[in-house]
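# Topology and contacts: notes
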Amino acid sequence: KKKKKNNKKKKGGINQFFPDGVFPEGEWQEYTGSEENLKRVTDEEKRYLDRQANNKWNEFRKGAEIHRRVRQTAQKNIKPGMTMTEVAESIENSVRAYSGTDDSLKGGMGFPCGVSLNHCAAHYTPNAGDKVVLQYDDVMKVDFGVHVNGHIIDCAWTQTFNERYDPLLNAVKEATNTGIKTAGIDVRMTDVGEAVEEVMESYEVELDGKVYPVKCIRNLQGHNIKPYQIHGGKSVPIVKNGDTTKMEEGETFAIETFGSTGKGYVVHGGECSHYMKNLDAPPNAPIRLDRAKKLMQTIDKNFGSLPFCRRYLDRIGEEKYLLALNQLCRAGLITEHPPLVDVKGCYTAQYEHTILLHPTRKEVVSRGDDY
Ligand SMILES: O=S(=O)(c1cccs1)N(Cc1ccc(F)cc1)Cc1ncn[nH]1
Ligand SMILES: [Mn+2]
Ligand SMILES: [Mn+2]
Ligand SMILES: [Mn+2]
């Protein structure tokens, strides 16, 4: 018998530290560029209206506060010798504890905790049975989401132990901050990409006596975020790509950049762990295969349109689901998001923040004193 969802707020959540329910604002930045953008900050009427939308903003700020506390502990505790499963699950359990609810659709992981290593840039998290152990010379991209009622914080950093990678990390950190500074209302996507690329490619890194120019991974992008939708349909390039699509007032963006000592281009590589319901699939498409039908119901109930990974099915008690999962993917009802890899032997790094385009100012809501 399925245990009833307990809708009570759980103890130990982040709310205990903010009894008034008001969460800290992120880093404010003024809009730059056009004359029109410069005067947004003085528009009192827009400022007043923005405060009315505060509930939505406050839920992003709650997610960001959870993200900062979880990553601070992770940055201290993650060490070589831990398995990738221990790394990912320690972070995921911490997010769930702070979220203060057992209902994964009310709050918790916004998407799986990525722990992509070295030439793998994104979308790797261990599946059951993964024996990989974190090494001293690894370059690990820790990329996890926190959601509060579907308001998703998407924020990532690169964890290393060998300081020889610092120039690579600094290049990407500065490139991401440039992307954040350039982003704004009415800004064209291609202009963000161009600004990012210029900073990234001004760096080089020396490894094992060889000098590499830092390249942007040109087919990885930031993206807008919508309620319960990690990818809202707009992409933010990290190279100049001619896309004149503009950012708009009220939108939420994940600004992420990736630097690489390899080709600067990723392809699918390795076993898939990340999956997500296909929002373009016809709703209520008939699924004849009984096991697949049941699995789809479980996915709808626990994740909805949020990305999930195989370990999330394991932990809710699903067993022998792989065939049914593959059938749902082949039917186009679920999409696979396999690991994204540059060439073997190269090193890739990432930094990512979530920004809120308020009518009068830009808020880097996931900013911390770490990055
Ligand atoms: O690469 S994306 O698919 C994308 C980038 C631009 C347009 S869509 N992706 C969104 C996503 C898709 C599936 C997931 F399971 C988790 C995330 C970016 C991302 N991954 C991690 N953090 N941010
Ligand atoms: Mn991310
Ligand atoms: Mn992202
Ligand atoms: Mn893909």
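What this report covers is the structure whose coordinates are included nearby. Nothing here was measured: the structure is a model prediction, and the numbers come from that model.

So, on to the packing of aromatic side chains. Going through the model one piece at a time under the given rule, you end up with 9 aromatic pairs. On the numbers, 6.0 Å between centres and 25° between planes, the contact of Tyr-275 with Phe-308 is stacked. Residue Tyr-275 is located in strand β13 (residues 274-277), and its partner Phe-308 is located in strand β14 (residues 308-309); the two are separated by 33 residues in the primary sequence. Note on accessibility: Tyr-275 and Phe-308 belong to one class, buried. Put simply, the rings of Phe-144, Trp-157, Tyr-351 and Tyr-371 pair up and form one aromatic cluster. One residue, Arg-71, lies across the ring of Tyr-371, its end atom 4.3 Å from the ring centre.

Glancing now at helix α6 (residues 189-200). For α6, with 12 residues, the first-to-last C-alpha span of 17 Å sits near the 16 Å given by 1.5 Å per residue. Where α6 is concerned, the buried positions are Met-189, Thr-190, Val-192, Gly-193, Ala-195, Val-196, Val-199 and Met-200. On its buried side, α6 packs onto α5 (166-182), β8 (215-216), β10 (235-237) and β11 (252-260).

Here the manganese ion (ligand 2) is held by the protein donor atoms Asp-143 (OD), Asp-143 (OD), Asp-154 (OD) and Glu-352 (OE), which lie 2.0 to 2.3 Å from it. Read in sequence order, the donor residues coordinating the manganese ion (ligand 2) give the pattern D-x10-D-x197-E. Here the manganese ion (ligand 2) and the manganese ion (ligand 3) are spaced 3.3 Å apart, linked through Asp-154, which binds each one. Taken together, the residues Asp-143 in strand β4 (residues 139-148) and Glu-352 in strand β17 (residues 348-357) connect sequence positions 209 residues apart. By relative accessible area, Asp-143 is classed as buried at 14%.

Sheets are built from strands that pair by backbone hydrogen bonding, the pairs being arranged parallel or antiparallel. Taken in spatial order, the 3 strands of this open sheet run β3-β16-β12, and their pairing is antiparallel. The open sheet has two edge strands with one neighbour each: β3 (120-122) and β12 (267-268). Here β3 runs beside strand β16 (residues 340-341); their pairing, made up of 2 bridges, is antiparallel. Among the inter-strand pairings, Ala-122 is bridged to a residue of β16, identified as Leu-340.

The next thing to look at is the environment of Ser-260. As for its position among the elements, Ser-260 is in strand β11. On the basis of relative accessible area, Ser-260 is assigned to the buried category, the value being 0%. For the pair Ser-260 and Val-205, spaced 55 residues apart in sequence, the C-alpha separation works out to 10.0 Å. What Ser-260 contacts, discounting residues up to four positions off in sequence, is Leu-168, Pro-213, Val-214, Lys-215, Ile-217, Asp-342, Cys-346, Tyr-347 and Thr-348. Here the side chain of Ser-260 touches Asp-342 through a polar contact of 2.8 Å, side chain to side chain.

The rules behind these values
- Residues numbered from 1 in each chain as written.
- Chains lettered and ligands numbered in written order.
- Predicted model: local features only at pLDDT ≥ 70, side-chain atom pairs only at ≥ 80, totals over all residues.
- Heavy atoms only, no water.
- Phe/Tyr/Trp six-rings, centres within 6.5 Å; stacked < 30°, edge-to-face > 60°.
- Helix = DSSP H or I, 4+ residues; strand = E, 2+ residues; numbered from the N terminus.
- Buried < 20%, exposed > 50% of the residue type's maximum accessible area, 1.4 Å probe, protein only.
- Lys NZ or Arg CZ within 6 Å of the ring centre and 35° of its normal.
- Expected span 1.5 Å × (residues − 1).
- Contact = heavy atoms within 4.5 Å.
- Donors = N, O, S within 2.8 Å, 3.2 Å for Na, K, Ca; no water.
- Pairing = 2+ DSSP bridges.
- Polar contact = N/O pair within 3.5 Å; in protein donor to acceptor, adjacent residues only side chain to side chain.

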